[in-house]
Amino acid sequence: MLFIIGAIVVASCVLGGYVLHGGNLAVLWQPTEVLIIGGAAVGSFVIANPVHTIKEVGKGIMTQLTGSPYNKSFYMDLLSLLYEVFDKSRKQGVMAIEEDIDDPDSSQIFTRYPAIMKSKYLLAFITDYLRIISAGNMATHELEGMMENEIDSRHHEVEEPAHALNKIADALPGLGIVAAVLGIVITMNFLTEGPERIGLSVAAALVGTFLGIWMGYGFVGPLSIAMEHSAKYEIKAYECVKSSIVATVSGQAPQMAIEFGRKSLPSDKRPGFQELNDHVRSK
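Note that the coordinates shown come from a computational prediction; the quantities given were computed from them, not determined experimentally.

Caption draft 1: Local environment of the nonpolar core. The biggest cluster of nonpolar side chains holds 41 residues, and the ones touching the most others in it are L78, F110 and I126. Residue assignment for this core shows that the elements contributing at least two residues are α5 (72-92), α7 (114-118), α8 (120-135), α9 (140-187), α10 (195-249), α11 (254-263) and α12 (273-282). Every residue in contact with I126, bar those within four places of it in the chain, is listed here: L78, L81, L82, F110, I116 and V241. L28, I168, L172 and L175 belong to the second-largest nonpolar core, a separate cluster that totals 19 residues.

Caption draft 2: Expanded view of α10. The end-to-end C-alpha separation of α10 is 80 Å, in line with the 81 Å expected for 55 residues at 1.5 Å each. Along α10, the largest kink reaches about 35° and is centred on G216.

Caption draft 3: The side chain of H279, seen in detail. Mapped onto the fold, H279 is located in helix α12. For H279, the residues in contact, after removing those within four places along its chain, are M76, D77 and S80.

Caption draft 4: Structural detail: α11. Every buried residue belonging to α11 is among P254, A257, I258, E259, G261 and R262, and all of these are buried. Against the buried residues of α11 lie α5, α10 and α12.

Caption draft 5: Representation of the side chain of D100. Within the secondary structure, D100 is located in helix α6 (residues 98-102). Among the polar contacts listed, one links the side chain of D100 to the side chain of K88, at a separation of 2.7 Å. Not counting residues within four places of it along the chain, the set of residues in contact with D100 comprises K88, S107, Q108, I109 and F110.

Caption draft 6: Region of interest: the packing of α5 against α11. Two elements in contact, α5 and α11, have axes separated by 9 Å at closest approach and are oriented at 150°. As the angle between them shows, α5 and α11 are arranged roughly antiparallel. Crossing of α5 against α11: the hand is right-handed. Between α5 and α11, the residues in contact are L79, L82, Y83, F86, D87 and R90 and P254, Q255, A257, I258, G261 and R262, respectively. Of the residues contributing to the contact of α5 with α11, the split by class is 7 nonpolar, 2 polar and 3 charged.

Rules and cut-offs
As a convention, each chain's residues are numbered from 1 in the sequence order in which they are written. Confidence filtering applies because this is a predicted model: local features only for residues at pLDDT of at least 70, side-chain atom pairs given and counted only at 80 or more, and all residues used for totals across whole chains, interfaces and linings. Heavy atoms from the whole structure form the basis of all side-chain values; hydrogens and water molecules are not counted. We define a nonpolar core as any set of buried Ala, Val, Leu, Ile, Met, Phe, Trp, Tyr and Cys residues linked to one another through side-chain atoms lying within 4.5 Å. Summary of the burial criterion: residues with accessible area below 20% of their type's maximum are buried, those above 50% are exposed, and those between are partly exposed, where the area comes from a 1.4 Å probe applied to protein chains only. Helix and strand assignments follow DSSP, with helices taken as H or I runs no shorter than four residues and strands as E runs no shorter than two, numbered in order from the N terminus. The contact rule is simple, with two residues in contact once any of their heavy atoms fall within 4.5 Å. Residue count minus one, scaled by 1.5 Å, sets the expected span of a helix. We define the bend at any residue as the angle between the axes fitted to the seven residues before and including it, ending there, and the seven starting there. Polar contacts, as counted here, are pairs of nitrogen or oxygen atoms within 3.5 Å of one another; within protein the pair requires one atom able to donate a hydrogen and one able to accept it, and residues that are adjacent in sequence qualify only if both atoms are side-chain atoms. Orientation is described by axes fitted as lines to C-alpha atoms, over the contacting stretch for helices, and by angles from 0 to 180 degrees between their N-to-C directions. What sets the label is the angle itself: under 35 degrees gives roughly parallel, over 145 gives roughly antiparallel, 65 to 115 gives roughly perpendicular, and the rest give oblique. The handedness criterion is simple: a crossing whose near helix is rotated anticlockwise from the far helix by less than a right angle is left-handed, and one whose near helix is rotated clockwise is right-handed. Only Asp, Glu, Lys and Arg are considered charged in this grouping, and only Ala, Val, Leu, Ile, Met, Phe, Trp, Tyr, Cys and Pro are considered nonpolar; every other residue, Gly among them, is considered polar.

Next up, the structure:
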């Protein structure tokens, strides 16, 4: 939603200012310039990135349009899920949660949290480390180190689409110049047709430069930054799980273990102590 609002503001202010200054919007409508710039941008993007990254960029753009799932409600569900797992393990023994972590789709605990179930990587992260805990006596610092390494690796993965899109944003002004140069080349054919024809052709060429810069700095660049912010909120979910699991392995009670996780969340998405306590009790 914020992306849509921001895009409307960018478009309305730039085009509105242009019209108020006496500009003619019809002059800016140059489909061939858009084809050159947009086509070259898409082609270079495909050349530069593997299929996986291209798909992730598409998903990232859709997330910006629909809203990131990693909000306060998601984090509260995550902490509530961890509390239930820790509480069952504490009361019935570590072996009691084996069925839950081996088959989350059939677990009475996990299936109560559909938002977590949709996040496949995070779900695998949770079940993998709960399985490690139930399988052996790994030292706390070893477990924490292993989790940090995986989080670091995941961090690079989720930021890769944003970085790939940002490179295209940096290239768009240059592609706009390419379109403008081609327009000037075409203008050379009209030198004998009078100032009016030459002026229109030069204007069309300059629109290419304008479009490249506008698209790069007004839309694609900010979109890549927004995707990077979304990636950070996803990583915070992993850090929350890590803090909670390390705390429970260290001997903390379930309520205190999820408090460690709560404190690792960003302040703008972090639920209050009583708010989380009420949410856990409601589940």
